[in-house]
Amino acid sequence: MKADRLRHSILTCAIALSALAIFCGCHVNRPGADHEKNQILYSAVASDPRTFNPILVTDSTSGELTGDLFDSLLRINPVTTLPEAGLAEKWEIAPDNKAITFHLRHDVKWFDGQPFTAHDVLFTLDVIYDPKVPNSIRPAITIDHQRITAEAPDDYTVIMHLPKPFAPLLYSLGIQVIPAHILEPIWKAGNFNHTWGIDTPPEKIVGNGAYKMTRYAQSQAANYDRYDDYWMKDENGAQLPRLHGRTVTIVQDQNAEYLRYLSGQIDVYSPRAEEVYPLQQKQKDHELDIQIPQMGIDTGSLFFSFNRNPRHFVKNGVTNPKLNWFTDLKFLQAMAHTIDKKSMIDLVFHQLAEPAVSDISPENKIFHNPNLKDYDYDPKLAADMLEAAGYHLVKPGVRNDPNGNRLEFDLTTNTGSPERNEMCTIFKQDVESLGIKVNYRPLEFTTLVDKLDSSFDWDCVLIGFTGGIEPNDGQNFYRSSGNLHIWDPNQPTPATPWEAEIDTLLDQGASEMDISKRPPYYWKIQQILHDQLPILETVRQQRYASWKDSLINYQPKVWGLYKPEWIEFKAD
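Now for a description of the structure that goes with this document. (Residues numbered from 1 in each chain as written. Predicted model: local features only at pLDDT ≥ 70, side-chain atom pairs only at ≥ 80, totals over all residues. Heavy atoms only, no water.)

Structural notes on the packing of helix α7 (residues 254-262) against helix α8 (residues 273-284)
So, point 1. Viewed as axis vectors pointing N to C, α7 and α8 meet at an angle of 10°, and their least axial separation amounts to 13 Å. With respect to each other, α7 and α8 are oriented roughly parallel. Across the interface between the two elements, Y258, Y261 and L262 from α7 touch E275, P278, L279 and K282 from α8.
So, point 2. The residue inventory of the contact of α7 with α8, partitioned by class, reads five nonpolar, no polar and two charged. (Axes fitted to C-alpha atoms, helices over the stretch in contact; angles between N-to-C directions. Helix = DSSP H or I, 4+ residues; strand = E, 2+ residues; numbered from the N terminus. Parallel < 35°, antiparallel > 145°, perpendicular 65-115°, else oblique. Contact = heavy atoms within 4.5 Å. Nonpolar A, V, L, I, M, F, W, Y, C, P; charged D, E, K, R; others polar.)

Regarding the layout of surface pockets
So, point 1. Space inside the second largest pocket adds up to approximately 940 Å³.
So, point 2. Of all the secondary structure elements, the ones that give two or more residues to the lining of the second largest pocket are α15 (445-455) and α17 (497-511).
So, point 3. Residues belonging to the lining of the second largest pocket are distributed by class as follows: eight nonpolar, 19 polar and eight charged. (1 Å grid on protein atoms, 1.4 Å probe; cavity = no way out; pocket = protein on both sides within 12 Å on 5 of 7 lines; lining within 4 Å. Points joined across faces, edges and corners; volume = space filled by probe spheres on them.)

Concerning the packing of aromatic side chains
So, point 1. Counted under the stated rule, the structure contains 26 aromatic pairs.
So, point 2. Ring geometry for W110 and F116: centres 6.2 Å apart, planes at 70°, overall edge-to-face. Each member of the pair, W110 together with F116, is buried.
So, point 3. Ring centres of F306 and F409 lie 5.2 Å apart, and the angle between their planes is 80°; on these two criteria the pair is classed as edge-to-face. Residue F306 is located in strand β14 (residues 301-306), and its partner F409 is located in strand β20 (residues 408-412); the two are separated by 103 residues in the primary sequence.
So, point 4. Counting every residue linked through ring pairs, the aromatic cluster contains F306, F313, W325, F326, F331, Y391 and F409.
So, point 5. Directly above the aromatic system of Y224 lies the positively charged group of R246, at a separation of 5.8 Å from the ring centroid.
So, point 6. Positioned over the ring face of W566 is K563, at 5.0 Å from the centre of the ring. (Phe/Tyr/Trp six-rings, centres within 6.5 Å; stacked < 30°, edge-to-face > 60°. Buried < 20%, exposed > 50% of the residue type's maximum accessible area, 1.4 Å probe, protein only. Lys NZ or Arg CZ within 6 Å of the ring centre and 35° of its normal.)

Rendered as C-alpha cells:
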C-alpha cells in the first residue's frame, strides 16, 4: 500500500507539472494564422525520419513524411475497410485465385513529367524481392517462400501470378510504387539502399503522389507543395488535392506540440488523455473553435518486450545470463503479473484507456481474439513464481537467478512521450519491489530504432506498433524471419517450436479464401503470443482527434484519414 501511495504521489506531481505547463499555455494568444488563406495544412510528428525511400521505411515518421509522395496500386477505405482503386483503376481475379490483372491509369505522371507505366510496378516488385534490399514489405507478399511473379503485356496492364491462392492479396498490395526510370540504374549498380536518405535534396525525390516535398530541415520541418498534375479529380472534375500544400513540423516533446496546437501553429492534433477534457472545455466555452470527437480504441499494440536475440547475448561461446532469464517462461509470466494496467489507465491515461490482452485490437472486428484471459496484476504471485523457479530473494531488494547472478536489466522507451515514461516508471517500481534492479533510460527515437533493428543492444523496451486491418500485413512482426520480429528478428529458421507454429498458421490463414474460415488461424497466433509472452501487452488508449473548425472534409477514422485529398480550409 505504501508503494501505491508513493507511486500515486510521484505520478500526480509529474502530471500536475505537465498540466500546469498546459494550462499556462492556454493563455498564449493565437496568432492570425495564414494557414487558411494559403490553404496550407500544418501538422506535427514526434521525430525526424530515417529515410525518404518508401521501400526502406520501418518507422512511422518516415512513413508519414513519404506517404503523400508516392501512390499505390490500391488504397484501403478507412470507413468500409475495403480495398479501392488507386494507381490501378480496376482489376480482375482469375477463377482459380492464382492470378490477378491490374489495369493502370493512363493519366499518371511522375513529378518530372515522365509517364507512370507497368514497368514501374514490375521494377518495384523486383526491388522488394531483392534479398540485398532490407524491407518490411517482402514478408507480407511472400507466398510459400516464393515471390509473386508479374508480367506486363502492355504499358498499362500488369498480370501477377501467385504460387497458390492468397487471401490477403488486395490488402498486401497497397505498396507505394517507385520510378524505374530514376531508380533502376541505381538499383542495378547496387546503390539502392543508400538512395533517397534524409540528406537528399527534396527536388531529387521523384514521386507520383498528391504532394511534392520542397524542403526538409532536420529537427524543424518538412514542407510540401501540391502536385498540380496529380491524377485525381473531384466529382466535378476539379483538381485534387484541394489544399495547396502541407507543412509537417518536427516536435519531439508532446507538451510543446500541444502548446503549438493551442496557439494555432498547427491545425490538427491527436490529443493525449490528459488533454481531452481541457480541449472539450475550451470547445464548450468557445475559447477554441475546434472539433474533438472520439474515434475508437487504438488499433495498435503497446507492449513491453524482452530481448531474446542470441546474436547479442552469446559472444565467443559465452552466454549472458540475461538470455536465460528472458527466454524463461516463468520469469516472463512473473513480469506479466507485475504490469499494473489499472494504475496506467487511471494515472497515465486518466481512465481513457482499457487493458490490452490481445495483440490485435478489438477495433479489428473480424480478427481480434476476444477469448484470452488477462494476466492479473499480482506482485505477490509474481514473487512466488520467481521463488519457485529458483530466482531467490537473497536479501531485501536483491534477487538472484539459480546460478547466483543478480537479476538486473535495462529498460528503455522513446523520449518525448510522457505517457510511456510514466508507464515505464510504474513498471520499474513494481519490478524493483521484487528485488530486481531496473536501469531505466529513454532514448531518442532514431537511436532506439537503431538498437532494435541494427545493433540489438537492448534488454527490455516499451514500444508500440500500429495495427492493420489485414493481419497478414504484420508478417514482418509475426514471422520468425521478419525484420520486425522484435525479440529475435531475421531468424534463418524458427528458434522455437511455437514460432514455427506461428509461421505455419500464417501460411494457412493466408491460403484460406473463405473469410469466415480465416479468423481461427489468427486467433491461435494471438493465443500463442499471449501464452509465450514475447510481448507483454499493456493498455489501449481511447483515441480522439482534434482539428480547427476552419477545416472542411477532415475526416479521421481509427484506420486513417478518409478522402484526404478533399481536405481544405473554409474560404474567408
